[in-house]
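One-letter residues, chain by chain:
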Amino acid sequence: RGFRRDRPFRSRTAGCLAPFSRTKVLKIMGKALLRTDGSPLLGMGHIMRCLAVADYLKSLGVDSLFAVQKTAKDASSLICSRGFAVTQLGSSDRLVEEVEEIGELISRTGTCLLVTDLCHRSALDHRDDLEQFHESLRRKCFVVILSGGDEFDLPAAILVNPYYLSNYPKKT
């Protein structure tokens with residue numbers, strides 16, 4: 001019953017949603033919260049990936065709200081220039097300290113989908129915090145993690161890793 005190349009891959013999630021029309025699925029999703037960071041030091045790739053996701057969700061009729069660190073002023077400006085709302089979070093360096101703030105934001109906005117792109121060096125230096133952050137929030141909504149390295153076991157409904165089965169990033 002494993003993966004077979006001669007048959008198209010069928011997702012269990014897609015199978016579960018098959019009886020619903022696109023409109024019903026969008027009503028289930030409601031709003032999306034995208035939690036990411038970007039800066040001249042960190043880079044803006046995380047922001048750009050989340051903007052691409054937000055643009056796609058917008059084309060489906062899903063409203064998106066971004067949550068970034070207060071120190072990410074360049075990121076906030078870019079996100080606003082693309083027409084999305086931004087909430088600036090407190091200046092904590094630890095993700096686990098954000099859980100309550102993000103949880104309140106999820107409740108207040110009626111968010112059903114949380115997309116995070118937080119797998120950057122400073123977050124991975126505190127991997128336990130990263131796992132605890134996602135574990136706590138997946139009890140509140142559907143969590144999708146955009147990853148960029150060898151993080152394959154983070155707690156999420158969906159983990160997107162474009163480098164899966166590739167040689168990137170190369171170990172030296």
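The following refers to the structure shown. The structure displayed is predicted, hence computed values, not measured ones.

**Side note on the overall build of the protein**
Then step 1. For the protein, the helix and strand inventory stands at seven helices and six strands.
Then step 2. Listed N to C, the secondary structure of the protein is α-α-β-α-β-α-β-α-β-α-α-β-β in terms of helices and strands.
Then step 3. Taken across its 172 residues, the protein has 38% of its residues classed as buried.
Then step 4. Here the contacts in the protein between residues at least 6 apart in sequence split such that 59% fall between residues at least 24 apart.
Then step 5. When the accessible surface of the protein is summed, it comes to about 10700 Å², and 53% of that surface belongs to carbon and sulfur atoms.

**Remarks on a nonpolar patch on the surface**
Then step 1. On the surface, a cluster of nonpolar side chains totalling about 210 Å² of accessible area is made up of Phe142, Ile158 and Val160.
Then step 2. For Phe142, the location among the structural elements is in strand β5 (residues 142-146).

**Re the layout of surface pockets**
Then step 1. Its volume calculated, the second largest pocket comes out at about 500 Å³.
Then step 2. Every residue lining the second largest pocket is counted, 22 residues in all, and those nearest its centre are Asp37, Gln69, Asp93, His120 and Ser122.
Then step 3. With three residues, helix α6 (residues 121-124) is the single largest residue contributor to the lining of the second largest pocket.
Then step 4. Here the lining of the second largest pocket is built from residues that sort into six nonpolar, nine polar and seven charged.

**Regarding the sheet that holds strand β2 (residues 63-69)**
Then step 1. The sheet built from six strands is open, its strands ordered β3-β2-β1-β4-β5-β6 with parallel pairing. Each edge of the sheet is formed by a strand with only one pairing partner; in this case those strands are β3 (85-89) and β6 (158-160). Mean inter-strand twist for the sheet, computed between neighbouring axes without regard to direction, equals 20°.
Then step 2. When strand β4 (residues 111-117) meets β5, the two strands line up parallel, connected through four bridges. Opposite Thr116, over in β5, you have Ile145 as the bridge partner.
Then step 3. Here helix α3 (residues 45-59) sits on the sheet and contacts β1 (31-36), β2, β4 and β5; the angle it forms with β1, its principal contact strand, is near 175°.

**Things to note about the pairing of β4**
Then step 1. Counting buried positions along β4 yields six of seven residues, so the element is predominantly enclosed.
Then step 2. Bridge count for β1 against β4 is six bridges, and the pairing is parallel. Residue Arg35 lies in a different strand from β4, and its bridge partner there is Thr116.

**Digging into the packing of helix α5 (residues 99-109) against helix α7 (residues 127-137)**
Then step 1. Remark: α5 packs on α7, axes separated minimally by 10 Å, with the N-to-C direction vectors making an angle of 25°. Classified by the angle their axes make, α5 and α7 are roughly parallel. Viewed along their axes, α5 and α7 form a crossing whose handedness is right-handed. Contact residues: Val99, Ile102, Gly103 and Ile106 in α5; Phe133, Ser136 and Leu137 in α7.

**Concerning the environment of Phe142**
Then step 1. Judged by relative accessible area, Phe142 falls into the partly exposed class, the value being 36%.
Then step 2. A sequence separation of 29 residues divides Phe142 from Leu113, and the C-alpha atoms of the two residues are 4.9 Å apart.
Then step 3. Residues contacting Phe142, with those up to four places away along its chain left out, are Cys112, Leu113, Leu114, Ala157 and Ile158.

Criteria and thresholds
Position numbers for residues count from 1 along each chain, tracking the sequence in the order it is written. Thresholds applied to this predicted model are a pLDDT of at least 70 for local features of residues and 80 or more for the giving and counting of side-chain atom pairs; totals over whole chains, interfaces and linings are not thresholded and use all residues. Side-chain measures here rest on the full set of heavy atoms in the structure, leaving out hydrogens and waters. The helix count covers DSSP runs of H or I at least four residues long, the strand count covers runs of E at least two residues long, and both are numbered beginning at the N terminus. Exposure is judged per residue with a 1.4 Å probe applied to protein chains only, and the accessible area is read against the type maximum: over 50% gives exposed, under 20% gives buried, and values in between give partly exposed. A contact between two residues is defined here by any heavy atoms of the two lying within 4.5 Å. The method behind every accessible area is Shrake-Rupley, applied with a 1.4 Å probe, and residues are considered shielded solely by the protein chains displayed. Without a salt bridge and with relative accessible area above 30%, a residue can belong to a patch; like charges are then joined within 9 Å and nonpolar side chains (Val, Leu, Ile, Met, Phe, Trp, Tyr) within 5 Å. Salt bridges, as used here, are contacts in which a Lys or Arg side-chain nitrogen is within 4 Å of a carboxyl oxygen on Asp or Glu. Site definitions follow a grid-based scheme: protein atoms alone, a 1 Å grid, a 1.4 Å probe that fits but cannot get out for cavities, and for pockets an open set with protein on both sides within 12 Å along at least five of seven lines, plus lining residues having an atom within 4 Å of a point. Grid points are joined across faces, edges and corners, and a volume is the space filled by probe spheres set on the points. Under the grouping applied here, Gly and all other residues not named as nonpolar or charged are polar, the nonpolar ones being Ala, Val, Leu, Ile, Met, Phe, Trp, Tyr, Cys and Pro and the charged ones Asp, Glu, Lys and Arg. Strand pairing is assigned whenever DSSP detects at least two bridges linking the two strands. The convention used is that axes are lines fitted to C-alpha atoms, helices contributing only their stretch in contact, and that angles between N-to-C directions extend from 0 to 180 degrees. Small angles under 35 degrees read as roughly parallel and large ones over 145 as roughly antiparallel, with 65 to 115 read as roughly perpendicular and the rest as oblique. Crossing handedness: left-handed means the near helix sits turned counterclockwise from the far one by under a right angle, and right-handed means the same turn made clockwise.

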